[in-house]
Amino acid sequence: MSFIGISASFRGGRVVTRRACNPVYSLRGSLLRQARTFSEEQKTYDGDLRPIKGRFDLSGKNIIVTGGARGIGYSAVRAIAEMGGNVCVWDVASKPVADFASLADEFNVKTEYIQTDVTNPEGLNGAFNQTMTHFDRLDGCVTAAGVVIEGPFVDCEYKPVAKLLDVNVLGTFLTAQLAARQMQKQGGGGSIVLIASVSATTKTPGHQLSPYNASKAAVRMLGQAISIELGPDQIRVNCVSPGYTDTELLTPFKEQQPQRVDLMNKAPPLERIGNRNDLTPAIVYLLSEASSYTTGTDIQVSGGLHVGRVDVE
Ligand SMILES: NC(=O)c1ccc[n+]([C@@H]2O[C@H](COP(=O)([O-])OP(=O)(O)OC[C@H]3O[C@@H](n4cnc5c(N)ncnc54)[C@H](O)[C@@H]3O)[C@@H](O)[C@H]2O)c1
């Protein structure tokens, strides 16, 4: 089976691709890493069992990350690069965190930054076309661009709610749609990871976030619905749902009510606020071949908050 510059074969019930013409692959580190991965994968034990380490590898995969300028999105960017993947960031911010500049050299991968607003369909199309001038194909997409507003339901005003839904729901929808179309055009295969939230399934203690709750429930259901539509194309769609995660998104909450820091550290059953390192393994797993039979799921990385809370006085 082959498509432009790529040969593929079915092994163990999944498609294994090898890229012949991608200039990124001429990089020595990537080649060595890939060669090692394939030789390890060829071994089998007790019938069909294969070594697990190489299955998390993202060498040579091309992945878009929205909201990757900072926070959880940037943690995904760095993790993808560390695992050998090439990353294109789409974010409304004028520039990413300073650390981004060194990733390409540090991990021998390709990185690109495109300033775009996920609520602007023309801008998104432009970002997509620009991305595909850097990438010869698309293997993955992580949608982390998101915003939050807080306040009592009855006091919420139209404009801020509409803006939030635009970013969190429509922005996610349109980005995933662009990725899925490209993956279908390539002949199928790929992984889309939607960053939802524990707020998609439960009201978090100490916050009034009804528009955000609604938006993240929409993201979660979007993931489930399109995982079924895209499954026959071997395009997997899953969510990662963070609980309280220590990023700049939480800064206003902490500043307005410092006692909330205490709550965030006490309410989750694991009795601490989450951090970005808690999330990246789930994101890498879902992007990689390690999750080859996982679609339509939502991985909760919430310290247990999604099932309940420790009683806090
Ligand atoms: N931090 C948490 O506790 C937490 C918990 C659950 C879910 N989440 C979700 O994780 C995702 C990332 O959150 P974070 O904590 O890293 O927040 P963050 O504010 O640190 O980062 C969000 C990023 O999205 C970008 N962005 C915002 N609007 C955009 C737009 N219109 N177009 C393009 N980019 C845009 C921002 O510029 C920023 O780089 C969000 O979807 C958020 O809802 C966060």
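Residues numbered from 1 in each chain as written. Predicted model: local features only at pLDDT ≥ 70, side-chain atom pairs only at ≥ 80, totals over all residues.

For the protein, an unreviewed UniProt entry supplies the name Short chain dehydrogenase and the organism Talaromyces proteolyticus. Quoted straight from UniProt, the Sequence similarities (unreviewed entry) entry for the protein says "Belongs to the short-chain dehydrogenases/reductases (SDR) family." (UniProt positions renumbered as here; feature names shortened; annotations may be inferred.)

Looking at the site of the ligand
Gly67, Gly71, Gly146, Thr247 and Leu249 are the nearest of the 28 residues found near the ligand. At the level of elements, α2 (71-82) and α5 (158-185) are the ones that each hand at least two residues to the shell around the ligand. Broken down by element, the shell around the ligand gets its largest block of residues, three residues, from α2. Taken together, the residues that form the shell around the ligand break down as 14 nonpolar, 10 polar and four charged. (Near = placed C-beta within 6 Å. Helix = DSSP H or I, 4+ residues; strand = E, 2+ residues; numbered from the N terminus. Nonpolar A, V, L, I, M, F, W, Y, C, P; charged D, E, K, R; others polar.)

What to know about the environment of Asn120
Along the chain, Asn120 falls in the loop between β6 (111-115) and α4 (121-134). Residue Asn120 is classed as partly exposed on the basis of its C-beta count, with 15 C-beta atoms lying within 10 Å. The spacing of Asn120 and Val167 is 47 residues in sequence and 9.3 Å in space, taken between C-alpha atoms. (Buried ≥ 20, exposed ≤ 12 C-beta atoms within 10 Å, placed from the backbone.)

Re the pairing of strand β4 (residues 62-66)
With five of its five residues buried, β4 lies for the most part within the structure. Burial along β4 is two-sided: the residues Asn62, Ile64 and Thr66 and Ile63 and Val65 are all buried. Bridge count between β4 and strand β5 (residues 86-91): five bridges; the pairing is parallel. Residue pairing in the sheet places Asn62 in a bridge with Asn86 of β5. Running through α2, the crossover from β4 to the neighbouring parallel element β5 is right-handed. Two elements, β4 and strand β7 (residues 140-143), share four bridges in a ladder whose sense is parallel. Across the sheet, the residue bridging to Ile64 is Cys141, located in β7. (Pairing = 2+ DSSP bridges. Right-handed = clockwise from strand over helix to strand, strands pointing away.)

So, unusual backbone geometry
The phi angle at Asp46 is positive, at roughly 50°, despite the residue not being glycine. Counting through the fold element by element, Asp46 comes out in the loop between α1 (28-42) and β4. A positive phi angle, near 60°, is found at Asn108, a position not held by glycine. Position of Asn108 relative to the elements: it lies in the loop between α3 (103-107) and β6. A tally of 18 C-beta atoms within 10 Å means that Asn108 is categorised as partly exposed.

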